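Spelled out, the chains give:
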Amino acid sequence: MKTPNSAWLRLVAAARQAPTSGDDSAPFGFSTRVAALAMAVERPSMHAMVNRLSWRALGVALMLMVFSIAANYSAVTVVSESDQDPLDLVADVLTSS
Amino acid sequence: MSDDVDAAFDLVACLERVRASDQVAARELVEHLHPLVIRIVRAHLPRRVAEEDLAQEVFMKVFTRLGQFQGAVPFPHWVSRIAVTTCIDHLRAQKRRPEFRWADLSENEADVLDAVLTSENDVSANDALAARELVAKLLEQLKPDDRLVIQMLDLEQKTLIEISQLTGWSTTLIKVRAFRARRKLQKLFEQLQRKERS
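Residues numbered from 1 in each chain as written. Chains lettered and ligands numbered in written order. Predicted model: local features only at pLDDT ≥ 70, side-chain atom pairs only at ≥ 80, totals over all residues. Heavy atoms only, no water.

## Some words on the pattern of salt bridges
- Here the structure, examined in full by the defined rule, presents 15 salt bridges over all chains.
- Glu57 of chain B is the partner of Lys61 of chain B in a salt bridge, and the nearest nitrogen-oxygen pair spans 3.9 Å. Of this pair, Lys61 of chain B and Glu57 of chain B both sit in helix H4 (residues 51-64), four residues apart, which is roughly one turn of that helix.
- Under the relative-accessibility criterion, Lys61 of chain B is labelled buried at 19%.
- Here Glu57 of chain B falls in the partly exposed class, since its relative accessible area comes to 29%.
- Among the salt bridges present, the one from Asp89 of chain B reaches Arg92 of chain B, with a minimum N-O distance of 4.0 Å. With Asp89 of chain B and Arg92 of chain B both in helix H5 (residues 75-93) and three residues apart, this pair spans about one turn of that helix.
- The class for Asp89 of chain B is partly exposed, based on a relative accessible area of 41%.
- Residues joined by salt bridges that share partners form a network here, namely Asp24 of chain A together with Arg39, Arg42 and Glu51 of chain B. (Salt bridge = Lys/Arg side-chain N within 4 Å of Asp/Glu carboxyl O. Helix = DSSP H or I, 4+ residues; strand = E, 2+ residues; numbered from the N terminus. Buried < 20%, exposed > 50% of the residue type's maximum accessible area, 1.4 Å probe, protein only.)

Structure representation (structure tokens):
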């Protein structure tokens, strides 16, 4: 009885004797199709990359703005309510005179 | 591909033209590299994936990443590495591996398996194709990374250094994966031997 390891080694040795399958050259039309596809894919230029990054940065900035407004909303409203009843020093001076 | 053809093909000039968006040069490059790419794709082809589709994906990656090629390694090595990593990505994407059952083997495959498990004689040359099919079925039982390593080591007889260059894995990791793969294959053969006896 063969040991499992030698069985595997004998099996792969036999498999290596098998002829390689098929023709290695590109099938008809393959290279033309791949070349056309490759050339059609726009390579990212530096300008396009800066453009895309700028839009992303703008998006992040807007998100941060919305977040900061939401986080500080209560503080802003308290201040604005207090602004509605300010100390009117000029009116006080005028009425007293 | 013969050395004459390799010598006649001016790879550096072709790459320059491809970088300048020359479609004819791109076609020539594909034709030049196709034998190299298709051999790797055929050796590591996942189930239910057409070899032509996978080869096309490899070439598209080559063209997309052409700007990253610095010439630190020979261009065919760089392309081989892209081909290997593309194949392994597809192998990893296969969630399930088919169960290996004696009943699913063809008559020739069963004879070959019987021969390697019980007989002292070598498998006859006529059964080489069946042996290769059987090896492919056994390799499908392994994890994709382990399968790739054992296939390159035992079937393609590549060295650890060559595998390391193709995959980017360290030689230690390759040895660990080869050990794991052989242990799994050993268990599989032991199961088959038990079934054979029963």
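## Section: a positive patch on the surface
- Residues Arg97, Lys143, Arg183, Lys184 and Lys187 of chain B make up a contiguous surface patch of positive charge.
- If you trace the backbone, Lys143 of chain B turns up in the loop between helix H7 (128-139) and helix H8 (144-155). (Patch = residues over 30% accessible without salt bridge, like charges linked within 9 Å, V, L, I, M, F, W, Y side chains within 5 Å. Areas by Shrake-Rupley, 256 points an atom, 1.4 Å probe, with all protein chains shown as cover. Lys, Arg positive; Asp, Glu negative; His and termini not counted. Charge placed at Lys NZ, Arg CZ, Asp CG, Glu CD.)

## A short note on the packing of H8 of chain B against helix H9 (residues 160-167) of chain B
Residues and elements named next belong to chain B.
- Interhelical geometry of H8 versus H9 gives an angle of 140° and a closest axis separation of 10 Å. Of the possible angle classes, the one that applies to H8 and H9 is oblique. Between H8 and H9 lies a crossing of right-handed hand. On H9, the residues that touch Leu148, Val149, Met152 and Leu153 of H8 are Leu160, Ile163, Leu166 and Thr167.
- Here the contact of H8 with H9 is built from residues that sort into seven nonpolar, one polar and no charged. (Axes fitted to C-alpha atoms, helices over the stretch in contact; angles between N-to-C directions. Parallel < 35°, antiparallel > 145°, perpendicular 65-115°, else oblique. Left-handed = near helix turned anticlockwise from the far one by under 90°. Contact = heavy atoms within 4.5 Å. Nonpolar A, V, L, I, M, F, W, Y, C, P; charged D, E, K, R; others polar.)

## Description of the nonpolar core
- Within the largest apolar cluster, 45 residues are counted, with the highest numbers of intra-cluster contacts made by Val18, Leu29, Phe59, Phe63, Phe75 and Trp78 of chain B.
- Only helix H2 (30-40) of chain A together with helix H2 (11-19), helix H3 (23-43), H4, H5, H8, H9 and helix H10 (171-197) of chain B provide two or more residues apiece to this core.
- The element contributing the most residues to this core is H3 of chain B, with nine residues.
- For Trp78 of chain B, the contacting residues outside a window of four places in its chain are Val62, Arg65, Leu66, Phe69 and Val73 of chain B.
- Ala7 of chain A together with Leu142, Ala181 and Leu188 of chain B belong to the second-largest nonpolar core, a separate cluster that totals 27 residues. (Core = buried A, V, L, I, M, F, W, Y, C linked by side-chain atoms within 4.5 Å.)

## Some points on the packing of aromatic side chains
Residue and element names in this part refer to chain B.
- Taken as a whole, this structure holds four aromatic pairs over all chains when the rule is applied.
- Clustering of aromatic rings is evident, with ring pairs tying together Phe69, Phe75 and Trp78.
- The ring of Trp169 carries the charged tip of Arg177 above its face, separated from the ring centre by 4.3 Å. (Phe/Tyr/Trp six-rings, centres within 6.5 Å; stacked < 30°, edge-to-face > 60°. Lys NZ or Arg CZ within 6 Å of the ring centre and 35° of its normal.)

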